[in-house]
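# Close look at the chain arrangement
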Amino acid sequence: MTPHILTRSLDRSATIFLLIVASVGVLLPLSNLLLPADSMFQVPTYLLALFGKYVCYAILALSIDLIWGYCGILSLGHGAFFALGGYAMGMYLMRQIGPRGVYGNPVLPDFMVFLNYKELPWYWYGFDMFWFAALMVLLVPGLLVFGFGWLTFRSRVSGVYLSIITQAMTYALLLAFFRNDFGFGGNNGLTDFKDILGFNVQADGTRAALFALSCLALMLGFLMCRAVVTSKLGKVLIAIRDAESRARFLGYRVESYKLFVFTLSACMAGVAGALYVPQVGIINPGEFAPANSIEAVIWVAVGGRGTLIGAALGAVVVNYAKTVFTSGALAPYWLFMLGALFILVTLLLPKGIIGTFNAWWEPWKAKRDTANEDSAAAEDGVSKPRPAE
């Protein structure tokens, strides 16, 4: 049944998207590892890491589009779930340093030695094992959202009130992780990583493998989202988005549907954060900043809400623009430019890039198909019946 669901959920545009991501995930690492440095087709390691960051952002954008575009839940706190997944992976990477730290302590990370910790906090136990860290990448944001969503959806909090609460939750986590006594590195966060699964995290081969894994995660996340939105579950989610009270009147347990898709979305964001940290090399409380979550929502709006492909495209396009414009004379004005972009997209392209393209393409395609049918009928000598006047 699973292959049938996946096959049914793929159309031409989804297949093209998957092929592009797969090609990028294979060709860019091979170009980095196999071609000489003086080749014009060789992708430098720093660019591979930068592109890997874009791919992680695309996964985060997918998770937001799943709940906002198809269920009408506007979360302004998804950056928190992204950061929690990143911290879970960062804790594993810190435990792998061992005695190679500045202070040479085989158990305590350097920041704990500096802050006079006598022993490892209990919530750091188990993070010396990769499988445990990978499990926490899913469980920590998933359980947080499950508890948060159960309380809010059960109380029928929705709309702008839910958005404000998610933003408040993100800000509360930001303040907590900034504290030195919280046990997560305070303002400096977690950094100076050495190994991941025994491989040097700075090596070209490791970075190429992380990029390829990020592309694979993007493909799997996209397939999972497509399977959800094209199923009967997806139709119920769209009904909740468009007319929640009617869906509830018809007997659907709206709270359960919202809770499921919100938890699934948070787990996807956690995976994106876990892949992001070893490629960037640091995770700090700044990732919890509410502005990051708002910016992620802008990615989805620019690419096209409710399209999935548009969300991933918006994440790449906006972050590439950010990279370009924050490295020159326009750097102080980037936030103003981002706000102006959001306003212009809202006014001129309310459906986003992909949504606007689809709105233009579908009528043209229908008109072309009709013309082809008429032409084929004329060649066969069959006249198309006209509707009765």
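Look up a bit, the structure's there.
Residues numbered from 1 in each chain as written. Predicted model: local features only at pLDDT ≥ 70, side-chain atom pairs only at ≥ 80, totals over all residues. Heavy atoms only, no water.

Looking now at unusual backbone geometry. The phi dihedral of Asn116 is positive, around 65 degrees, even though this residue is not glycine. Of note, Asn116 is situated in the loop between helix H5 (110-114) and helix H6 (130-154). (Helix = DSSP H or I, 4+ residues; strand = E, 2+ residues; numbered from the N terminus.)

Bringing the packing of aromatic side chains into the picture now. With the rule as written, the count across this model stands at 24 aromatic pairs. Aromatic pair Tyr57 and Tyr276: ring centres 5.6 Å apart, planes at 35 degrees, arrangement tilted. Of this pair, Tyr57 sits in helix H3 (residues 45-71) while Tyr276 sits in helix H11 (residues 254-280), and the two are 219 residues apart along the sequence. The pair formed by Tyr57 and Tyr276 is uniform in burial state, with each residue classed as buried. On the numbers, 5.8 Å between centres and 55 degrees between planes, the contact of Phe153 with Phe262 is tilted. One end of the pair, Phe153, is in helix H6; the other, Phe262, is in helix H11, and 109 residues separate them in sequence. Given the relative accessible area of 3%, Phe153 is considered buried. By relative accessible area, which is 0% here, Phe262 ends up buried. (Phe/Tyr/Trp six-rings, centres within 6.5 Å; stacked < 30°, edge-to-face > 60°. Buried < 20%, exposed > 50% of the residue type's maximum accessible area, 1.4 Å probe, protein only.)

Another aspect to go through is the side chain of Asn319. Among the secondary structure elements, Asn319 is positioned in helix H13 (residues 309-325). For Asn319, a relative accessible area of 5% corresponds to the buried category.

Here we take up the environment of Gly303. The topology assignment puts Gly303 in helix H12 (residues 290-303). What makes Gly303 buried here is its relative accessible area of 0%. As a C-alpha pair, Gly303 and Thr356 span 53 residues in sequence and 9.5 Å in three-dimensional space. Once you skip the residues sitting within four places of it in the chain, Gly303 turns out to touch Gly310, Gly314, Gly352, Ile353, Ile354 and Gly355. (Contact = heavy atoms within 4.5 Å.)

Quick look at helix H14 (residues 334-348) now. Between the first and last C-alpha of H14 there are 20 Å, a value that for 15 residues agrees with the 21 Å anticipated at 1.5 Å per step. Residues of H14 that are buried: Trp334, Leu338 and Val345. Taken down its axis, H14 places every buried residue within 45 degrees of arc, on the same side. Exposed and oriented more than 90 degrees from the buried face of H14 are Phe336, Leu347 and Leu348. Where H14 is buried, its residues meet H12 and H13. (Expected span 1.5 Å × (residues − 1). Arc of directions from axis to C-beta.)

The interhelical angle for the contact between H3 and helix H9 (residues 232-242), taken along N-to-C directions, is 65 degrees, at an axis separation of 7 Å. For the pair H3 and H9, contact is made by Trp68, Gly69, Tyr70 and Cys71 and by Leu237, Ile238, Ile240 and Arg241, respectively. Among the residues making up the contact of H3 with H9, the classes are represented as six nonpolar, one polar and one charged. (Axes fitted to C-alpha atoms, helices over the stretch in contact; angles between N-to-C directions. Nonpolar A, V, L, I, M, F, W, Y, C, P; charged D, E, K, R; others polar.)

Turning next to the nonpolar core. One finds Trp124, Leu190 and Phe288 to be the most contacted residues of the largest nonpolar core, which totals 106 residues. Among the elements that make up this core, the one with the highest residue count is H3 (15 residues). Excluding residues that lie within four positions of it along the chain, Leu190 makes contacts with Tyr87, Gly90, Met91, Met94, Phe111, Trp124, Phe184, Gly185, Gly281, Ile282 and Ile283. (Core = buried A, V, L, I, M, F, W, Y, C linked by side-chain atoms within 4.5 Å.)

A few words on the packing of helix H2 (residues 12-34) against helix H8 (residues 204-229). It is at 9 Å that the axes of H2 and H8 come closest, and there the two elements cross at 175 degrees. By the angle between their axes, H2 is roughly antiparallel relative to H8. On H8, the residues that touch Ala14, Phe17, Leu18, Val21, Ala22, Val24, Gly25, Leu28, Pro29, Asn32 and Leu33 of H2 are Asp204, Gly205, Ala208, Phe211, Ala212, Cys215, Leu218, Met219, Phe222, Leu223 and Arg226. (Parallel < 35°, antiparallel > 145°, perpendicular 65-115°, else oblique.)

This paragraph deals with the state of the cysteines. If you walk through the whole model with that rule in mind, you get zero disulfides. No disulfide involves Cys71; its sulfur sits 13 Å from the nearest other cysteine sulfur, which is in Cys225. By relative accessible area, Cys71 is classed as buried at 3%. Here Cys267 stays free of any disulfide, with the sulfur of Cys225 as its closest cysteine sulfur at 12 Å. Judged by its relative accessible area of 19%, Cys267 is buried. (Disulfide = S-S within 2.5 Å.)

Here we come to the pattern of salt bridges. For the structure shown, the criterion picks out ten salt bridges. We note a salt bridge from Asp192 to Lys194, for which the minimum N-O separation is 3.4 Å. Since its relative accessible area comes to 36%, Asp192 is described here as partly exposed. Close ionic contact of Glu295 with Lys322 constitutes a salt bridge, the shortest N to O distance being 3.4 Å. You can see Glu295 sitting in helix H12 and its partner Lys322 sitting in helix H13, a full 27 residues away along the chain. According to the relative accessible area criterion, Glu295 is buried, its value standing at 7%. One connected set of salt bridges, linked through shared partners, spans Arg156, Glu244, Arg248, Glu255 and Lys258. (Salt bridge = Lys/Arg side-chain N within 4 Å of Asp/Glu carboxyl O.)

That's the geometry; what it means functionally is another story.
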